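Okay, here's what each chain looks like letter by letter:
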4 protein chains.
Amino acid sequence: MIPLQTTRLPWMTEDIAMFRDAARRFIEGELAPHCERWRKQGFVDREVWRKVGEMGMLLPELAEEWGGAGGNLAHQLVMVEELGRTEVPVSTSVHTIAAHYILDYGTDEQKRRWLPKMARGELLAGIAMTEPDAGSDLQGIRTRAVREGDGYVINGAKTFITNGATAHLLVVVVRTSAEKGGKGLSLIVLETEGLAGFRVGRILDKIGQKGSDTAELFFDDVRVPAANLLGGAEGQAFAQLMSQLPYERMLLAVLAIAVIERALELTLDYTKARKAFGQTVFDFQNTRHKLAECATTAHVMRVFVNDCIQRLLDGRLDATAAYMAKSWCSEQQCKVLDECLQFFGGYGYMSEYPIARLWADARVQKIYGGTNEIMKELIARAL
Amino acid sequence: MIPLQTTRLPWMTEDIAMFRDAARRFIEGELAPHCERWRKQGFVDREVWRKVGEMGMLLPELAEEWGGAGGNLAHQLVMVEELGRTEVPVSTSVHTIAAHYILDYGTDEQKRRWLPKMARGELLAGIAMTEPDAGSDLQGIRTRAVREGDGYVINGAKTFITNGATAHLLVVVVRTSAEKGGKGLSLIVLETEGLAGFRVGRILDKIGQKGSDTAELFFDDVRVPAANLLGGAEGQAFAQLMSQLPYERMLLAVLAIAVIERALELTLDYTKARKAFGQTVFDFQNTRHKLAECATTAHVMRVFVNDCIQRLLDGRLDATAAYMAKSWCSEQQCKVLDECLQFFGGYGYMSEYPIARLWADARVQKIYGGTNEIMKELIARAL
Amino acid sequence: MIPLQTTRLPWMTEDIAMFRDAARRFIEGELAPHCERWRKQGFVDREVWRKVGEMGMLLPELAEEWGGAGGNLAHQLVMVEELGRTEVPVSTSVHTIAAHYILDYGTDEQKRRWLPKMARGELLAGIAMTEPDAGSDLQGIRTRAVREGDGYVINGAKTFITNGATAHLLVVVVRTSAEKGGKGLSLIVLETEGLAGFRVGRILDKIGQKGSDTAELFFDDVRVPAANLLGGAEGQAFAQLMSQLPYERMLLAVLAIAVIERALELTLDYTKARKAFGQTVFDFQNTRHKLAECATTAHVMRVFVNDCIQRLLDGRLDATAAYMAKSWCSEQQCKVLDECLQFFGGYGYMSEYPIARLWADARVQKIYGGTNEIMKELIARAL
Amino acid sequence: MIPLQTTRLPWMTEDIAMFRDAARRFIEGELAPHCERWRKQGFVDREVWRKVGEMGMLLPELAEEWGGAGGNLAHQLVMVEELGRTEVPVSTSVHTIAAHYILDYGTDEQKRRWLPKMARGELLAGIAMTEPDAGSDLQGIRTRAVREGDGYVINGAKTFITNGATAHLLVVVVRTSAEKGGKGLSLIVLETEGLAGFRVGRILDKIGQKGSDTAELFFDDVRVPAANLLGGAEGQAFAQLMSQLPYERMLLAVLAIAVIERALELTLDYTKARKAFGQTVFDFQNTRHKLAECATTAHVMRVFVNDCIQRLLDGRLDATAAYMAKSWCSEQQCKVLDECLQFFGGYGYMSEYPIARLWADARVQKIYGGTNEIMKELIARAL
Ligand SMILES: Cc1cc2nc3c(=O)[nH]c(=O)nc-3n(C[C@H](O)[C@H](O)[C@H](O)COP(=O)(O)OP(=O)(O)OC[C@H]3O[C@@H](n4cnc5c(N)ncnc54)[C@H](O)[C@@H]3O)c2cc1C
Ligand SMILES: Cc1cc2nc3c(=O)[nH]c(=O)nc-3n(C[C@H](O)[C@H](O)[C@H](O)COP(=O)(O)OP(=O)(O)OC[C@H]3O[C@@H](n4cnc5c(N)ncnc54)[C@H](O)[C@@H]3O)c2cc1C
Ligand SMILES: Cc1cc2nc3c(=O)[nH]c(=O)nc-3n(C[C@H](O)[C@H](O)[C@H](O)COP(=O)(O)OP(=O)(O)OC[C@H]3O[C@@H](n4cnc5c(N)ncnc54)[C@H](O)[C@@H]3O)c2cc1C
Ligand SMILES: Cc1cc2nc3c(=O)[nH]c(=O)nc-3n(C[C@H](O)[C@H](O)[C@H](O)COP(=O)(O)OP(=O)(O)OC[C@H]3O[C@@H](n4cnc5c(N)ncnc54)[C@H](O)[C@@H]3O)c2cc1C
C-alpha cells in the first residue's frame, strides 16, 4: 500500500522528515528489540530514557536553553508516532506534558532545575491527577497539601499513574484549600527519589499496554518545600491543566493514526500472504471492502491530524477541535483495529502477534486523557 | 455554532470567499424562493440556468476564452455547496462534468461550438451513461451508434439521466463497436432540441431530490453528424470517463459536507428552541452527545474535503482519494442526516421541513456517481 | 429463501394460520390494487374499512358480543403484518387501540354505542394526543375540555393524527383540570361527522407512508355530551393510556418484522436476477454477507416477536419488553431497509419500486408510538 | 435489574432450574476460587474435571449407560452458562463435542471404552482440526495418517487446540487419503498419556481466555491402532464434523448470552455506585440509554437462544439458524462488552476487574468455532 498523499502543510518540513527517519532508525535499532522484555516486566527500564535524551529525542521541542533540541511540537508528535507504531510504550507523552507545565507555568528557577534534566532523560516525569474516587471529575480530588512552615505536607493517594513506578518527577494535583471549583487545586512537583512518605503501590495489570507502568501512588505525610509549588501560587491547577489540553489530546490522536497505519500495513501483508479456499484472504470481497473502509478512515484521519498539528503549531488549535481529535481518532482506532484483527483468524488472538497487542492497547485510548464521554460533553458546549 | 477553523490552504483565497458570498446572496435571492415549485413540478425551469450563466456562476471555472469567468474548479465546487445547502437541485454537477469532457477531449471546433453556450446557460447539459441493464458495469452498454455516411445512427435507451428532461445537450456513451473492454465505447454529443428519433420518457418519481429531473431517454434511429463524436476518434469513452472521475467525485463530496453543515445548523437551532419535560431538547445529554458526534464528523470532513480540493487544483488528487471522498462523505452524510432528523420528532418526517427533505435527498449519494460498493472495489485495488 | 422455523408457541394455532391465509388473499385481491391511488390522494377511501369489517378482519379480536369475530390480539397482529407487507396503510393500528380504550375503560353504554360500529368499519377511529407543542411530553397538552352543563366544551389543536382526515371517531386527550402530572388529563370520544367547531386542517405531506392521512385537527368550542367522557370519570387519561402501551408497541413491532421479511424477499429476488460484471449481484460476497446479516436480524426478530405475542396473549408482557420491542425492531427495520435498498442501485431510489417506499415508510417507526429516545428512558427505569 | 420474563418453553423444566442452582452453587463454591490461579498458570488443573464429573456435571446429557446423568443437551448448555458467567474456562465445550462424536459415530466398543471415563472426568478431551496453514478451510489439512499394518502412523502438527496441553484424549482430524473434498479426511482418537511421538508445544499466550490452555500439538510417527479410527471407516470426517455443528455453535451462543447478562449486572452495579459530578454514573442519560440498548440486546438474545435450545432438543434446529446464533450472538457480545467496559472508566482496563477480562475473553468468539465470515458464507447459501 503506497500511502496516499496529502497537501503539504508548512509544518511538514524537510527537517521534520529527516527527524522522523532518524527517530525510526533509532527506535527500531535501540528500543524495539527490548519491547518484549518490557512487556513481561511491566515497565520500561529507566535508563532507556537517558539514551533517548542523548539522541535529543525526548523533548526535542524544547529550546536549547532548556536542554532541548530547539525543535517544535511537531518533533515530539513525530516521536509519539514512531514509538507508537513500533509498540514502544509512549511514556514520553506524560513526560512532555509535564515538561510543558513547567515550561509554561514554572518559575525560572523551576525551569532551570528540572527541564534540562528532563530533556536529558535523567528525570522521567509523570502526572498524577486521578484518584481512586476522582477521575473525570477532578473536583473530587482529596489528596491534600497542607502548608506547614516553608513547605507542604501531602497526604492521599493517586491511581492509574502512567510512569508511576518509574518516574523520578511527578506533577501532582493536590487540594490546597477546601474552596469549591478548581480554585482549591494546585500542582506540586515531587522528586520521588528517596522521598519520605511516598510509596509506589502495585503496578497495575492491564489488558493491554503491558510495557507501560501504570501505578498506584501513596502519600503519607510527604514533605516538600514550597519551592515545588508550580508557578509559586496556589489554586492555579485548573487553569494550568486546561491550557495544555489541546496539546495533550493531540498526543493521543497522533498515536491513533500511527497505530492505524501500522495495523493496516500488517493486515494487508498478512491477508495477501494467507491462503484459504484456494485464494488469498485479501482476495475475498469482504476483506477488500472492509480494508478499503479502514484505509479510507486512515487517510481521512491522517489529513485531519495533519491539519490539527499545523494549527497547534500556529497556536490556533481550538480546544473543541482537540476534543474531537481525541474522541474521534480513538473511536476509529478501536474500530479499525477490531476489523484488522479479525482478518488474522486465530492468530489475531495470540499475544505474540502485533495485531493482537495493538488491539488490546487501543482500548484505553477511549478512556484516558479524558473519557470520550467527557470529550462529547465538552464539544457540546461549543455547539 | 461557530464553525471550527481549519488551516487555510492556498485555494482558500479572498476571491473565493467573495465569490461564495455573491453566490449565496444570488442563490438565496433568486433561486431559493422557487425551490418548492420546482419540487412540485419535478424539474428546474430551463431559463433559470441562463440567469446563473449571466452571473458567471454556471461554469465559473472556464477560461474567458470559452465563456467562463476565468476561475478554477474551486469556484464550481463553491457553487455546488451553496446550491446544495439551499436545496437548489445541483443540476450543475453534470453540466460542469459535460463541459470538462468537451474542454479536455473535444476538438477546437467542438469547444467553440458548445462551451460558450454552456457557460451562458443557453445549453444545459446532461451525461447519459446508465441504461436499464447497465449501471455499475458500463461494459454492458447496448445503445449503439452505427456509422452511416458522414454521421452516426443511434439506437437504444438510457435511464436515470439527471437533467434528462431539460437538457439541450447530452453527452451519450454509445457502443461504436462490439469490441470487448472499454474499447467499443465512445462519447457522442447530442443537441436534443428538435432531434428526430430522440424522445424523453418519464420523469422518474424519486424518494428525494424532487426538484431534479431524472429521466428515461429513448433513441430511435437518431442521426448525428460525425462531428459530434467527442474528440473525433472512436473507442475513447473509457479513458475519457476515467480521467474526470476525481473531479466528479469531489462534486458529490462537497455536496455532502455542505448538506451536513446545513443540517447541523438546522438541528442545533431546532433542538435549542424545542422544549420537552421542562428543558430544551438540546439539553438532554443524548442530544448533546449525538450532536457532538455529528459536529465532529462535520469538522473532520470539512478538513478532509478542503485538502482534496487543494490537491484537485494542484492536479495531484489521486483517484483513490477521490473514491474515498465519494464513499466516505456520502456514507457519513446519510448517518448524520438520520441522526439529525430524529431530533425533530414528528416534524422530521414532514416534507415541509428541510431536514426531512435533506434526509431523503441524501440517500442517493451512496448510489449514483458510482455506488459505494464500486468505490470500495476501486479503493481496494490501490491497497 | 425458505423461512427458518421457530418453536411453535401456543398462539400459533391452525386457526391463526388459516386467518392469515384468508387475510393475505383478501388484502392482495381487494386492497393492494388500490394502494397506488391511495398514495396519490394521500388517504385510504373510508369505505374500504367497511369491506374489511365485513370480512371480520377489522377488529377480529373483539368478542362477538361487541361485533368482533371472537378472536384474540394475535388475529389483529396478523392483520397488521399482512397489511404491512402489502403496503396497505395500517390505519387499523390506531383503530384497534381506540377500540381497546373503549373496551377496557368505557362504560357498558359506551361499548354498545361504539364498538359494533367500529368492528363493522362504519366508524373508523383515530387517537389524538399529540399537539404542536406537546409530543413526547404529554404533560404539555393544552387542548382544554371545560365542563359546561351536561357536556364539555373543547378548544385546542392536535397534529400528526393518523386517520385524522378520515376518522369518524376520535379519542382525544384533553386537559380537564390544571392539575399537575397526569391527573389533569382525560380521554373524550368525539364523533366527528358534522361536529360543529371541529375542523380537519391539512393532510400533512410526509416523506413516506404516503397513503396514510396524517392530519392537523382544530377544536373551536366543540361541544360534546358528558357521556362521551371515556369511563365517565375525569383525570384517568394517563392510566388509561399507559395500560394499553404494551399492545400498542407490539403493533409497531410486528409491522417492523413483516416489512423486513418482505424487503428481504424483494431483495433476494432482485439481486439473484440482476446482473453486473458477468455475475448476479447476489453472487458478490459483499451482497451475500450483508444479506446474511439482514436475514439473521430478521430471524432473531421473528423469534423475539413471536415470544412477545405469546406473552401479550397470556397477559404477561411487561411494559419494558414492549418498549424494547418497539425501539429495537424499528431501529433494525431502518437498518435492514437501508441495506436492502442499496442493492437495487438506482432503482432503489425510484418511488415506483416497493423497496424505495418501504425504506421511506420505515423511518417514522423510530419516531411515532413514543420516540426511541423515550423508549430508552423507560427501559432504563427498569434497570 | 430484574431479568425480563420470556415464554416458558418445554425445555425449561423444574429439573433444569434445579440443576442450574446446583451447578451455580458448585461452581461458585468449588471452582471460582481457583480461577485467578488458573489464569496465572494458563490452564485448569486436570483434577478439577474429575470433581465436576463426580457431580454428574461434566457430561450430564449422556445416558446413564455411558456414565452420564441421563439429562439432555440443555443440561450441558446450562453448565456452559454457569461456567461462563463465573469465568471458569469452558474447557467442557470441546469435551462435550468430542463425546458426541464418539456417541454418534463411534462403534459400541469405542463408546464403552471412552465415554464413561469422559463422563467421570478421568479423560478430558480436545478436538484437533486446525493447523498452522488450515483453519477455515479444512481441505487444507496436511496431518497425515498412513495405514500401516493394523494401525495408523500420524505425522503433522495442529495449533490453537483448546485443552491441548491438558487433554488426555484428542479427536484429531487427519488426512487418510489424497482424495479431494472432504473424502480424504478421517477422525482418529488419541489417548495422549505417554503416547510416543506426540508432543505438546507451547501453551499459546492469548489476549484473553487466560485460564484456558490453547496449544500447539506435534505428531512425529505417532502410532495408533486402527481401532482408534472413529466409527471404523475412513473418509467420514466431514460428515461427522458437520452434523454436530448446530450443537457446537449453540455452545458458543449460550456462552455469549450468559456473559452479556453477567456484564450487564456488573455494569449496573458499578454505575449505580460510582459517582462523578455529584451524581451516579448511571444517572447520566448517556449511560442510561446505552445500557438500555445493551439490556435490549440481552433480552432479545435470551429469547432467541431459548428458542434455539428448544429446537436443538427437538432435533429441529436447522444449521442456518445455528450459524446465525453463533455469529450474531458473538458479534453482539463484543459490542455489549465494549459498551459496558467503557462505563468503568480506567478500572475497565485493569485485568483485576471482571469486566476487563470478560471484554478480552469475548473477542475470540467471533473467530473460533468457524469465523463469523464463514458463518455468513454458510447462511448465504440458504438464502
Ligand atoms: C492506562 C491508563 C493510564 C492512565 N494514566 C494516567 C496518568 O498518567 N495520570 C492521571 O492522572 N490519570 C491517568 N489515568 C486515569 C484516567 O485519566 C482516568 O481513568 C479517566 O480520566 C477516567 O476517570 P475514571 O477512571 O475515574 O472514570 P470515571 O470518572 O469514574 O468515569 C466512569 C464512567 O462515567 C462516565 N462519565 C463520567 N462523567 C460523565 C458525564 N458527565 N457524562 C456522561 N458520562 C460520564 C465516564 O465517561 C466513564 O465511562 C490513566 C488511566 C489508564 C487506564
Ligand atoms: C437520482 C439519480 C441520478 C442519476 N444520474 C445519472 C446521470 O446523470 N447519468 C447517468 O449516466 N447515470 C445516472 N444515474 C445512474 C447511476 O449512476 C447508477 O444508478 C449507478 O451507477 C448504479 O447502477 P445501477 O443502478 O444499474 O445498479 P447496478 O449496477 O445494477 O448495481 C446494483 C447493486 O449491485 C452492486 N454491485 C454492482 N457491482 C458490484 C460489485 N462488483 N461488487 C459488489 N457489488 C456490486 C451495486 O453497488 C448495487 O448495490 C443516476 C441515478 C440516480 C438514482
Ligand atoms: C406519521 C405520524 C403519525 C402519527 N400519528 C399519531 C397519532 O395518530 N396520534 C397522536 O397522538 N400522535 C401521532 N403522532 C405523533 C407522534 O406520536 C409524535 O411525533 C412523537 O410522540 C414525538 O413527539 P414530537 O414530534 O412532539 O417530538 P418531541 O417530543 O418534540 O421530541 C423531539 C426530540 O426530542 C427527543 N426527546 C424528547 N424527550 C426526550 C428525553 N427525555 N430525552 C431524550 N430525548 C428526548 C425526542 O426523542 C425527539 O428526538 C404521529 C407522528 C407521525 C410522524
Ligand atoms: C482461543 C482459540 C481456541 C481454539 N480452539 C480450537 C480447537 O479446540 N480446535 C481446533 O481445531 N481449532 C481451534 N481453534 C482454531 C479456530 O477454529 C480457527 O482459528 C478458526 O477456524 C479460523 O481459522 P484460521 O485461524 O486459520 O483463520 P483463516 O482461516 O486463515 O482465516 C483468516 C481470515 O480469513 C477469513 N476468511 C476465510 N475464508 C473466507 C471466505 N471464504 N470469505 C471471507 N473471509 C474468509 C476468516 O474469516 C478470517 O478473518 C481455536 C482458536 C482460538 C483462537
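Cut-offs and rules
Residues numbered from 1 in each chain as written. Chains lettered and ligands numbered in written order. Predicted model: local features only at pLDDT ≥ 70, side-chain atom pairs only at ≥ 80, totals over all residues. Heavy atoms only, no water. Near = heavy atom within 4 Å. Polar contact = N/O pair within 3.5 Å; in protein donor to acceptor, adjacent residues only side chain to side chain. Areas by Shrake-Rupley, 256 points an atom, 1.4 Å probe, with all protein chains shown as cover. Helix = DSSP H or I, 4+ residues; strand = E, 2+ residues; numbered from the N terminus. Contact = heavy atoms within 4.5 Å. Buried area = accessible area lost by both parts, 1.4 Å probe. Salt bridge = Lys/Arg side-chain N within 4 Å of Asp/Glu carboxyl O. Nonpolar A, V, L, I, M, F, W, Y, C, P; charged D, E, K, R; others polar. Buried < 20%, exposed > 50% of the residue type's maximum accessible area, 1.4 Å probe, protein only. Least-squares fit on C-alpha atoms with pLDDT ≥ 70 in both. Expected span 1.5 Å × (residues − 1). UniProt positions renumbered as here; feature names shortened; annotations may be inferred. Core = buried A, V, L, I, M, F, W, Y, C linked by side-chain atoms within 4.5 Å. Pairing = 2+ DSSP bridges. Domains from an automatic or database assignment.

Let us now look at the site of ligand 4. Taken together, 29 residues are adjacent to ligand 4, and A:Arg274, A:Gln342, A:Gly346, D:Ser136 and D:Thr371 come closest. Mapping the residues near ligand 4 onto chains gives chains A, C and D. Backbone polar atom of A:Gly346 to an oxygen atom of ligand 4: 2.7 Å apart, as the coordinates give it. The separation between a nitrogen atom of ligand 4 and a polar side-chain atom of C:Gln285 is 2.8 Å. For ligand 4, the accessible surface in isolation is 980 Å², of which the surrounding protein chains cover 95%. In terms of residues, the shell around ligand 4 owes the most to one element, strand S3 (residues 151-162) of chain D, which gives three residues.

What follows concerns the interface of chain D and chain A. At the junction of the two partners, chain D supplies 46 residues and chain A supplies 45 residues. Interface of chain D and chain A: buried area, both sides summed, is about 3800 Å²; carbon and sulfur atoms make up 56% of it. Of all residues in chain D, D:Ile207, D:Gln342 and D:Tyr349 give up the largest surface area on contact with chain A, accounting jointly for 22% of the area buried on that side. Our count for the contact surface shared by chain D and chain A stands at eight salt bridges. A:Asp338 is the salt-bridge partner of D:Lys366, the closest N and O atoms lying 2.8 Å from each other. Scanning the region where chain D abuts chain A turns up 30 residue pairs in polar contact (both at pLDDT 80 or more). Where the side of chain D that touches chain A is concerned, the elements lending two or more residues are S3, helix H10 (319-342), helix H11 (354-362) and helix H12 (372-381) of chain D. Among the elements that take part in the side of chain D that touches chain A, H11(D) stands out by supplying four residues, more than any other. Here the side of chain D that touches chain A is composed, by residue class, of 17 nonpolar, 15 polar and 14 charged.

Okay, the environment of A:Gly56 next. Residues and elements named next belong to chain A. Within the fold, Gly56 resides in the loop between helix H3 (47-54) and helix H4 (73-85). Taking the relative accessible area as the measure of exposure, Gly56 reaches 23% and is therefore partly exposed. Along the sequence, Gly56 and Arg120 sit 64 residues apart, while their C-alpha atoms lie 7.5 Å from each other. With residues up to four places along the chain from it excluded, the contact list for Gly56 reads Phe19 and Ala69.

Once turned by 180° and shifted 0.0 Å along the axis, chain D lies on chain A with an RMSD of 0.0 Å. Considering both components of the superposition, the chain copies are consistent with a two-fold axis. In this assembly the copies share their binding face: 98% of the residues contributing to the interface of chain D also contribute to that of chain A.

This next bit is on helix H8 (residues 245-273) of chain B. If you check H8(B), its first and last C-alpha atoms are 43 Å apart, about what 29 residues at 1.5 Å a residue would give, namely 42 Å. The element H8(B) is extensively covered by neighbouring structure, given that 23 of its 29 residues are classed as buried.

Moving on to the UniProt feature "domain: Acyl-CoA dehydrogenase/oxidase C-terminal" (unreviewed entry) in chain A. Residues annotated by UniProt as "domain: Acyl-CoA dehydrogenase/oxidase C-terminal" (unreviewed entry) correspond here to residues 238-383 of chain A. For residues 238-383 of chain A, the helix share is 73%, the strand share is 3%, and the end-to-end C-alpha distance is 23 Å.

Turning chain B through 180° and shifting it by 0.0 Å along the axis lays it on chain C, with an RMSD of 0.0 Å. Of the residues that chain B buries at the interface, 98% are likewise interface residues in chain C, meaning the two copies contact each other through the same surface.

Counting residues in each nonpolar core, the largest one holds 484 residues, and the members touching the most others are A:Met118, A:Met250, B:Met118, C:Met118 and D:Met118. In contact with C:Met118, not counting residues within four places along its chain, are C:Leu58, C:Leu59, C:His95, C:Ala98, C:Ala99, C:Ile102, C:Leu123, C:Ala125 and C:Leu169.

Further remarks concern the interface of chain B and chain C. Opposite the 46 residues of chain B that make contact, chain C presents 45 residues. Among the residues chain B hides against chain C, the three largest losses belong to B:Ile207, B:Gln342 and B:Tyr349. Together they make up 22% of the total. Where chain B meets chain C, there are eight salt bridges. As a salt-bridge pair, B:Arg202 and C:Glu352 come within 3.3 Å of each other at their nearest N and O atoms. Between the two partners, chain B and chain C, sit 30 residue pairs in polar contact (both at pLDDT 80 or more). Sorting the residues of the side of chain B that touches chain C by element identifies strand S3 (151-162), helix H10 (319-342), helix H11 (354-362) and helix H12 (372-381) of chain B as the ones contributing at least two each.

To continue, consider the pattern of salt bridges. Close approach of charged atoms allows side chains with opposite charge to pair. Residues and elements named next belong to chain C. Inspection of the entire model under this criterion finds 118 salt bridges over all chains. Two residues, Arg20 and Glu82, come together in a salt bridge whose shortest N-O distance is 3.0 Å. On the criterion of sequence distance, the pair formed by Arg20 in helix H1 (residues 14-31) and Glu82 in helix H4 (residues 73-85) is long-range, its members being 62 residues apart. The pair Arg20 / Glu82 is uniform in exposure class, with both members buried. The salt bridge involving Glu265 is made with Arg262; its shortest N-O contact spans 3.4 Å.

What surrounds ligand 2 is a group of 28 residues, the closest being B:Ser136, B:Thr371, C:Arg274, C:Gln342 and C:Gly346. Neighbouring residues of ligand 2 are not confined to one chain but are distributed across chains A, B and C. At 2.8 Å from a nitrogen atom of ligand 2 is found a side-chain nitrogen or oxygen belonging to A:Gln285. Here B:Thr130 contributes a side-chain N or O atom positioned 2.7 Å from a nitrogen atom of ligand 2. Contact with the protein chains covers 95% of the free accessible surface of ligand 2, which is 970 Å².

Residues and elements named next belong to chain B. In terms of strand pairing, strand S2 (residues 144-148) meets S3 through five bridges, oriented antiparallel. The partner of Ala145 across the bridge, within S3, is Ile154. Once S2 ends, the chain turns through two residues before running back antiparallel as S3, passing Gly149 with a positive phi of about 60°.

We now examine unusual backbone geometry. Residues and elements named next belong to chain B. Of note in the backbone geometry, Phe160 takes a positive phi value of approximately 60° without being a glycine. Owing to a relative accessible area of 18%, Phe160 belongs among the buried residues under this scheme. A positive phi angle, close to 50°, is found at Asp221, a residue other than glycine. Looking at the secondary structure, you find Asp221 in strand S7 (residues 214-225).

All names here are of chain A. Its domain assignment divides chain A into domain 1 (14-123), domain 2 (126-235) and domain 3 (244-381). One C-alpha centre belongs to domain 1, the other to domain 3; they are set 23 Å apart. The partner domain 3 presents 20 residues to the 20 residues of domain 1 that form the contact. It is Leu77, Glu81 and Arg85 in domain 1 that bury the most area against domain 3; as a group they hold 37% of the surface buried on that side. Inspection of the domain 1/domain 3 interface yields three salt bridges. Between Glu81 and Arg302 there is a salt bridge; the shortest N-O distance is 2.8 Å. For the pair domain 1 and domain 3, the number of links is seven residue pairs in polar contact (both at pLDDT 80 or more). If you list the elements that add at least two residues to the side of domain 1 that touches domain 3, you get H4 and helix H5 (92-105). Broken down by element, the residue count for the side of domain 1 that touches domain 3 peaks at eight residues, all from H4. Of the residues contributing to the side of domain 1 that touches domain 3, the split by class is eight nonpolar, six polar and six charged.

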